[in-house]
Amino acid sequence: MTAKESRTLRPATREDSKAILNLAVASGLFQEDETAVLAEMLADAFAGHLEDHHWIVLEDGPGKGEPGGGAMVAAACVAPEMMSDRTWNLYFIAVAAPHQGRGLGAALLTHVEETLRKGGARLLLIETSGLDSFAATRRFYRTRGYEEEARIRDFYRAGEDKIVFRKLL
Ligand SMILES: CC(C)(COP(=O)(O)OP(=O)(O)OC[C@H]1O[C@@H](n2cnc3c(N)ncnc32)[C@H](O)[C@@H]1OP(=O)(O)O)[C@@H](O)C(=O)NCCC(=O)NCCS
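Residues numbered from 1 in each chain as written. Predicted model: local features only at pLDDT ≥ 70, side-chain atom pairs only at ≥ 80, totals over all residues. Heavy atoms only, no water.

Caption draft 1: Summary view of the environment of S84. For S84, the location among the structural elements is in the loop between β3 (72–80) and β4 (87–95). Look at S84 and you get partly exposed, because its relative accessible area is 34%. S84 sits 67 residues away from R151 along the chain, and the two C-alpha atoms are 20 Å apart. (Helix = DSSP H or I, 4+ residues; strand = E, 2+ residues; numbered from the N terminus. Buried < 20%, exposed > 50% of the residue type's maximum accessible area, 1.4 Å probe, protein only.)

This is how it looks when you write it as structure tokens:
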């Protein structure tokens, strides 16, 4: 079996919450003490309070695919933008650091885009940091066909801009 064939993409369940939080830290995106907001988002999503939030996980390795039973190496979350006509936002995407650069992020994002497209979504936005440390992340989005649409200066904190990417689905 090739590495590609052993990948499983599936909707996340409540039981995946802890693994997603671990993944957020393992990707380098969050510090251990910064996951509270994400934990709340996950709890709300699986309690049905954020029913429009769709969490997707990617597992890698043979025999994976059972909720909570696999090696989760990547995850993403998308939701529709309020007050828009079929515009969505990718709120979260992360690949565990040891697995970055292996095409898993691209596979996950392609899956998200195809699922959204089939469901009639029109536009996908992605927001990320303008810091130099996110240059590779921004390159990842550009390579996937996203165009830099807006920059909100000092959004995250003084000196850290928000960059908004967009892609027509
Ligand atoms: C950004 C991210 C989701 C991309 O997923 P990935 O599986 O590493 O990327 P892929 O292997 O599918 O694609 C590789 C391309 O992504 C870019 N890239 C971004 N981060 C990278 C990383 N840490 N390692 C390798 N490539 C990375 C490069 O442009 C690379 O192409 P190149 O080899 O031609 O330079 C992933 O690296 C990640 O989780 N990074 C940390 C968290 C993060 O920034 N999340 C997004 C917040 S908005």
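Now that the structure has been shown, the text picks up again.
Caption draft 2: Region of the structure containing the pairing of strand β5 (residues 123–129). Of all seven residues that make up β5, six are buried, and the element is covered over most of its length. As defined by bridge partners, β4 adjoins β5 across four bridges and the pair is classed as parallel. By the bridge assignment, N89 is partnered in β5 with L125. For β5 and strand β7 (residues 160–168), the ladder comprises seven bridges, and the chain directions are antiparallel. For L125, the partnering residue across the bridge sits in β7 and is R166. (Pairing = 2+ DSSP bridges.)

Caption draft 3: Spotlight on the packing of aromatic side chains. Under the criterion given, the structure shown has six aromatic pairs. Judged by centre distance (5.7 Å) and plane angle (50°), the ring pair of Y141 and F165 falls under tilted. Highlighted residues: Y141 in helix α4 (residues 135–143) and F165 in strand β7, separated in sequence by 24 residues. Residue classification places F165 among the buried residues on the basis of a relative accessible area of 0%. Through pairs of rings, three or more aromatic residues link up here, namely F140, Y141, Y146 and F165. For the cation-ring pair, K162 lies above F155, with the distance from its terminal atom to the ring centre recorded as 3.8 Å. (Phe/Tyr/Trp six-rings, centres within 6.5 Å; stacked < 30°, edge-to-face > 60°. Lys NZ or Arg CZ within 6 Å of the ring centre and 35° of its normal.)

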